[in-house]
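Structural features, examined
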Amino acid sequence: MVGTRIGSLSLINDTLRDVTTSQTKLSELQNQISSGLKSQNFAGLNGSVEQFTQVNGQIERARQFSINNQLNITKLQTADIALTNISEITDRIKNAILGTNGANIGTSNLAQVATDLLASFGGELNASFNGQYIFGGTDTITQPVPSTNVTNTAVGIPDDNYYVGSKQDATLRADERTEVVFPLRADDPAFQKIYAAARQAINAANSGDASQLQAAQLLIQDGQKDLTTARSRLGGTVVNIQNIDSRLKDLSTYWRQLSDGVSKTDIVAASTEVAGYQAILQATFQVYARLSQLKLSDYLR
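Everything in this summary refers to the structure shown in the same document. (Residues numbered from 1 in each chain as written. Predicted model: local features only at pLDDT ≥ 70, side-chain atom pairs only at ≥ 80, totals over all residues. Heavy atoms only, no water.)

What about the pattern of salt bridges?
Applying the stated criterion to the full structure yields 12 salt bridges. The salt bridge involving arginine 231 is made with aspartate 80; its shortest N-O contact spans 3.3 Å. On the criterion of sequence distance, the pair formed by arginine 231 in helix H5 (residues 210-263) and aspartate 80 in helix H2 (residues 49-98) is long-range, its members being 151 residues apart. We classify arginine 231 as partly exposed; its relative accessible area is 29%. When the shortest N-O distance is used, the salt bridge between aspartate 187 and lysine 167 registers 3.2 Å. Of this pair, aspartate 187 sits in the loop between strand E4 (179-181) and helix H4 (189-207) while lysine 167 sits in the loop between strand E2 (132-133) and strand E3 (171-173); the two residues are 20 residues apart in sequence, bridging distant segments of the chain. Several salt bridges share partner residues, and in doing so they unite Asp160, Lys167, Asp169, Arg185 and Asp187 into one network. (Salt bridge = Lys/Arg side-chain N within 4 Å of Asp/Glu carboxyl O. Helix = DSSP H or I, 4+ residues; strand = E, 2+ residues; numbered from the N terminus. Buried < 20%, exposed > 50% of the residue type's maximum accessible area, 1.4 Å probe, protein only.)

A word on the packing of aromatic side chains
For any pair of aromatic rings, the description rests on two quantities: the centre-to-centre distance and the angle between the ring planes. All told, the structure shown has 3 aromatic pairs when counted by the stated rule. Arranged with centres 4.5 Å apart and planes meeting at 25°, the rings of tyrosine 162 and tyrosine 195 form a pair that is stacked. Here tyrosine 162, found in the loop between E2 and E3, pairs with tyrosine 195, found in helix H4; they are 33 residues apart in sequence, far enough to count as distant. Since its relative accessible area comes to 1%, tyrosine 162 is described here as buried. (Phe/Tyr/Trp six-rings, centres within 6.5 Å; stacked < 30°, edge-to-face > 60°.)

Some thoughts on the nonpolar core
Leu83, Phe121, Leu125, Phe135, Phe182 and Phe191 are the most contacted members of the largest nonpolar core, which totals 53 residues. Listing elements by their share of this core, those giving two or more residues are H2, helix H3 (110-125), H4 and H5. With 11 residues, the single largest contributor to this core is H4. When sequence neighbours within four positions are dropped, the list of residues in contact with phenylalanine 191 reads Leu83, Ile86, Phe121, Leu125, Tyr162, Leu184, Arg185, Ala186 and Leu227. (Core = buried A, V, L, I, M, F, W, Y, C linked by side-chain atoms within 4.5 Å. Contact = heavy atoms within 4.5 Å.)

A look at the environment of leucine 234
Counting through the fold element by element, leucine 234 comes out in helix H5. The buried category is assigned to leucine 234, whose relative accessible area is 1%. Taking the C-alpha atoms as reference, leucine 234 lies 8.1 Å from phenylalanine 182; in sequence the two are 52 residues apart. Apart from the residues within four sequence positions on either side, leucine 234 is in contact with Leu76, Ala79, Asp80, Leu83 and Pro183.

In structure tokens, the structure reads:
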């Protein structure tokens, strides 16, 4: 029996210990390869738990911001659709003004046409996204333009009498450090000019005042210029958020690589280690087999 060979007992015990160590390590590596993970719990991450937790926290926050950014972009695109419709409505109001001859202004249907178009204009300023009004500043639950029958304090002078929303701009949170101002409210100067021009055209048609009609034409053209600027500002905000979101996605890729470095198995490296431990185990078994055959006389030679 091996236990009776006193001279080889210590060596045999060492060899068996090496076998156990190699088998344990082989089992761990094979589990890592099969699962793709270095460990099934934090205890096996070898002191990298804090790094792993922080990195995955960053990944989750970036994911949430990215979801919010997509919603914000869609909200801004909804606003752009409203501006497209407002641009078309403004063109129709201007064309109705231009199509009305000063001589027959009192008998034209300009007042009714402008009234109807102004109502459509107000409807676009009440555009909503996810159940919230988007042109009312921080007040998202109240229609910013409840009525287009409201007159200006002075005919032909733009003001915001029609507007009941907040005077404070809404903001969009793009990432942990960046808040982007929503670029438009329904009381924007462009909208004020278009509204005032339409009201002046209605007043001109009702009173037969050709000079007011001419002033309304000039005012609405000025409003159209401001509307173009407003649309450009809106487009710039979309691009800004898209760039921030793209940077977040790049950072997320980097953070995932860090996380994988901590928690995921390097298959090539692990396979190389398996081959090494298998060679060690085979050599250890050969040593064990040799030691098992030795006698006391072999140590006395």
